[in-house]
Amino acid sequence: MKQLVILISGRGSNLQALLDAGLPCRIAAVVSNRADAEGLDIARAHDIPVAIVEHRDYADRDSFDAALAQAIDAFQPDIVALAGFMRILSNGFVSRYHGRLINIHPSLLPAYGGLNTHARALQDGVWIHGCTVHFVTPDLDHGPIIIQAAVPVLRDDTEQILAARVLSQEHRIYPQAIKWLCSGKIILDEHDRVKFMNREQSGFALVSPSLE
Ligand code: NHR
Ligand code: GAR
């Protein structure tokens, strides 16, 4: 069975969703860059080994990333999944896990990379927002896209309300992406494109606000 290591920085609701999904792989460890991440308690409650590598203990990004890689590699993962992990990773770290490192991002990439995605979407007045699972490359939030979910933005939305609508979709698409990776249904090909092995496709549009 493939081994999965999950990296977190906070609450861990995506970690919880991955636990609930009954993935066809073993969650070998949860690694956090913050000792007070609530997600660590979720891992401990499931008897999943945890490791803490606090970025504040390191002089620079490269030495933090080296320590992080060492902690991860102790569990020999086939897949490394960022789940609300909040530190930008160096090129050396990213290339070490090429084709095995994925992230869930709270926007429809390539729109709204980086932080504060929901506030920026509201500010721009978009009517469709969402979330993206992608392979991590050195180019922040620009790696090859595996799956996306779109949600409508509603008239009275606040940042919090919109974030919750997006988050519930994150909890659906992240387990799906990891299932595909574990079963070999998708790979990152030699041109750094996501390749689906025999996938049916269906065409249907989300129109928001809806047509009359
Ligand atoms: N690293 C690389 N090289 N490429 C990506 O695509 C990455 C990555 C590291 C993290 C997640 C990402 C997101 O989904 C991610 C993708 C943190 C920041 C950030 O600015 C930006 C994007 C993401 C995660 N972090 C600040 C930093 O200085 C710290 C912010 C904080 O601690 O709150 O690292 O959005
Ligand atoms: C999620 O919305 C995730 O997409 C986002 O942070 C939240 C983490 O929630 N990730 C980023 O913004 C990465 N920069 P969780 O800890 O409950 O899974």
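Conventions adopted
- Residues numbered from 1 in each chain as written.
- Chains lettered and ligands numbered in written order.
- Predicted model: local features only at pLDDT ≥ 70, side-chain atom pairs only at ≥ 80, totals over all residues.
- Heavy atoms only, no water.
- Helix = DSSP H or I, 4+ residues; strand = E, 2+ residues; numbered from the N terminus.
- Buried < 20%, exposed > 50% of the residue type's maximum accessible area, 1.4 Å probe, protein only.
- Contact = heavy atoms within 4.5 Å.
- Phe/Tyr/Trp six-rings, centres within 6.5 Å; stacked < 30°, edge-to-face > 60°.
- Disulfide = S-S within 2.5 Å.

Draft legend 1. Here's a closer look at the environment of Glu-170. Checked against the element boundaries, Glu-170 lands in helix H6 (residues 159–183). For Glu-170, a relative accessible area of 7% puts it in the buried group. Placed 64 residues apart in sequence, Glu-170 and Pro-106 show a C-alpha to C-alpha distance of 7.7 Å. Beyond its immediate sequence surroundings of up to four residues, Glu-170 is in contact with Asn-14, Ile-104, Pro-106, Cys-131 and Pro-175.

Draft legend 2. Summary view of the packing of aromatic side chains. Counted by the stated rule, this structure contains three aromatic pairs. Consider the rings of Trp-180 and Phe-196, whose centres lie 5.1 Å apart with planes at 85 degrees: the pair is edge-to-face. Note that Trp-180 is positioned in helix H6 and Phe-196 in strand S9 (residues 194–196), a separation of 16 residues in sequence. For Trp-180, a relative accessible area of 8% corresponds to the buried category. By relative accessible area, which is 32% here, Phe-196 ends up partly exposed.

Draft legend 3. Molecular detail of the state of the cysteines. A full pass over the atoms with the stated rule returns zero disulfides. Its sulfur unpaired, Cys-131 is 19 Å from the next cysteine sulfur, which belongs to Cys-182. On the basis of relative accessibility, which here comes to 0%, the residue Cys-131 falls in the buried class. Free cysteine Cys-182: the closest other cysteine sulfur is in Cys-25, separated by 3.2 Å. The exposure class of Cys-182 is buried, given its relative accessible area of 11%.

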